[in-house]
Amino acid sequence: MTVVRTVADLRALLESRRATGHSIGFVPTMGALHAGHLELVHRASVDNDIVVVSVFVNPTQFNDPADLQAYPRSEQRDVELATGAGADVVFIPGADEVYPPSFTATVALAGPIVDNFEGAHRGAAHFAGVTTVVTKLLNMVGPHRAYFGQKDAQQLRVVRAMVSDLNLDVKIVDVPTVREPDGLALSSRNVRLSPAERAYALGLSRAIFAGKAAFGSGAREATVILAAARTVLDEFAVHPEYLAVVDSDTFFPLARVDQDGAVLVVAAQIGRTRLIDNVMLEASQQDGPQ
Ligand code: AMP
């Protein structure tokens with residue numbers, strides 16, 4: 001395993017491997033790795049000859065300076081965990097390596113997939129920050145495949161749209177959300193939850209799985225599915241920023257779920273920690289706590 005900090009070193013390292021026909025899998029992260037990230041790394045190591053994991057807390061996608069400041073960082077531990085899960089290269093660029101003083105570019109999409117939900121609540125700069133840094137990282141690494149979690153469903157959709165719009169030569173692979181045994185979606189931000197907040201946070205996953213259970217029992221009206229979810233949020237005293245049934249392709253709210261491709265999304269501020277979660281509403285899909 002090798003840690004590299006510059007684009008030049010990264011390219012030098014990967015050049016010979018690429019030339020000899022090795023496939024490269026890439027897992028972009030903001031560090032503070034947990035089992036969700038490691039599932040992406042593991043999946044990448046199964047599919048590819050070489051796995052590159054990046055650890056970069058991207059300042060441009062944070063709308064809240066306090067959130068950026070408090071974002072957990074654990075570099076040495078991240079390197080060990082990534083290596084244990086199958087990473088060959090851990091790329092940890094400094095902020096100046098990614099954004100030198102001369103930097104002015106932005107990669108930004110338009111439309112509801114960036115304007116709605118996460119875009120509405122975190123501001124227009126959020127997804128522009130994501131698409132700009134992901135474009136840069138993809139150009140730095142040059143992977144055959146890049147791995148993203150379904151946990152960030154809207155981000156995944158935005159990245160897929162960007163790759164399609166810009167004809168980027170990479171296959172985007174999505175990986176199901178890894179959860180705690182009780183259902184809480186793993187997130188780097190979970191370490192910031194107090195024990196009391198951890199108890200509230202469970203309301204997010206419990207609520208969306210209640211919505212999914214209503215769907216599983218035959219409910220097709222979004223109002224019915226959302227009412228089941230909202231009852232649980234109320235029980236947990238969680239006030240969501242949003243709770244909606246959306247089309248996973250357009251991120252427009254749906255009034256009814258009549259075909260596959262609907263997703264129940266939720267976001268809530270738990271104390272000073274903002275959490276998101278989602279679940280697909282598909283008759284065939286079995287996920288979440290059993
Ligand atoms: P982050 O470090 O939060 O930017 O996340 C890096 C990647 O890991 C993103 O593609 C996330 O969607 C993914 N990820 C984060 N949490 C989970 C999880 N619980 N299960 C699966 N993937 C996740």
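Heads up: the structure comes first, above all this text.
Below you will find a few notes about this structure. The structure presented is a predicted model; accordingly, all values stated were derived computationally and were not measured.

### Here we look at the packing of helix 1 (residues 7-19) against helix 8 (residues 124-141)
- At a minimum axis separation of 9 Å, helix 1 and helix 8 run at an interaxial angle of 50°. Taken as axis vectors, helix 1 and helix 8 run oblique relative to one another. Where helix 1 abuts helix 8, its residues Val7, Leu10, Arg11, Leu14 and Arg18 lie against Asn139, Met140 and Val141.

### Observations regarding the site of the ligand
- Neighbouring the ligand are 17 residues, the closest being Met30, His37, Asp152, Val178 and Leu186.
- Between the ligand and Asp152 there is a distance of 2.6 Å, counted from an oxygen atom to a side-chain nitrogen or oxygen.
- Notes on the ligand: free accessible area 490 Å², of which the protein chains cover 93%.
- Judged by the proximity of its atoms to the pocket grid, the ligand belongs to the largest cavity.
- Counting only elements with at least two residues in the shell around the ligand, the list comes to strand 2 (24-29), helix 2 (35-47) and strand 5 (145-149).
- Of the residues that constitute the shell around the ligand, the class distribution is 8 nonpolar, 7 polar and 2 charged.

### Observations regarding the side chain of Arg179
- On the secondary structure map, Arg179 appears in the loop between strand 6 (171-175) and helix 10 (195-216).
- Residue Arg179 is classed as buried on the basis of its relative accessible area of 18%.
- At 2.9 Å, the side chain of Arg179 and the side chain of Asp277 are in polar contact.

### Brief notes about the sheet that holds strand 7 (residues 240-247)
- The strand order across the open sheet built from 3 strands is 7-8-9, with neighbouring strands paired in antiparallel fashion. Each edge of the open sheet carries a strand with a single partner, namely strand 7 and strand 9 (273-281). Strand-to-strand twist across the sheet, computed as the mean angle between neighbouring axes with direction ignored, equals 10°.
- Here 9 bridges tie strand 8 (residues 262-270) to strand 9, and the two strands are oriented antiparallel to one another. What sits directly across from Ile270, in strand 9, is Thr273.
- Of the strands in this sheet, strand 8 and strand 9 touch helix 10, which is tilted by about 15° from strand 9.

The rules behind each value
Residues numbered from 1 in each chain as written. Predicted model: local features only at pLDDT ≥ 70, side-chain atom pairs only at ≥ 80, totals over all residues. Heavy atoms only, no water. Axes fitted to C-alpha atoms, helices over the stretch in contact; angles between N-to-C directions. Helix = DSSP H or I, 4+ residues; strand = E, 2+ residues; numbered from the N terminus. Parallel < 35°, antiparallel > 145°, perpendicular 65-115°, else oblique. Contact = heavy atoms within 4.5 Å. Near = heavy atom within 4 Å. Polar contact = N/O pair within 3.5 Å; in protein donor to acceptor, adjacent residues only side chain to side chain. Areas by Shrake-Rupley, 256 points an atom, 1.4 Å probe, with all protein chains shown as cover. 1 Å grid on protein atoms, 1.4 Å probe; cavity = no way out; pocket = protein on both sides within 12 Å on 5 of 7 lines; lining within 4 Å. Sits in = over half its atoms within 2 Å of the grid points. Nonpolar A, V, L, I, M, F, W, Y, C, P; charged D, E, K, R; others polar. Buried < 20%, exposed > 50% of the residue type's maximum accessible area, 1.4 Å probe, protein only. Pairing = 2+ DSSP bridges.

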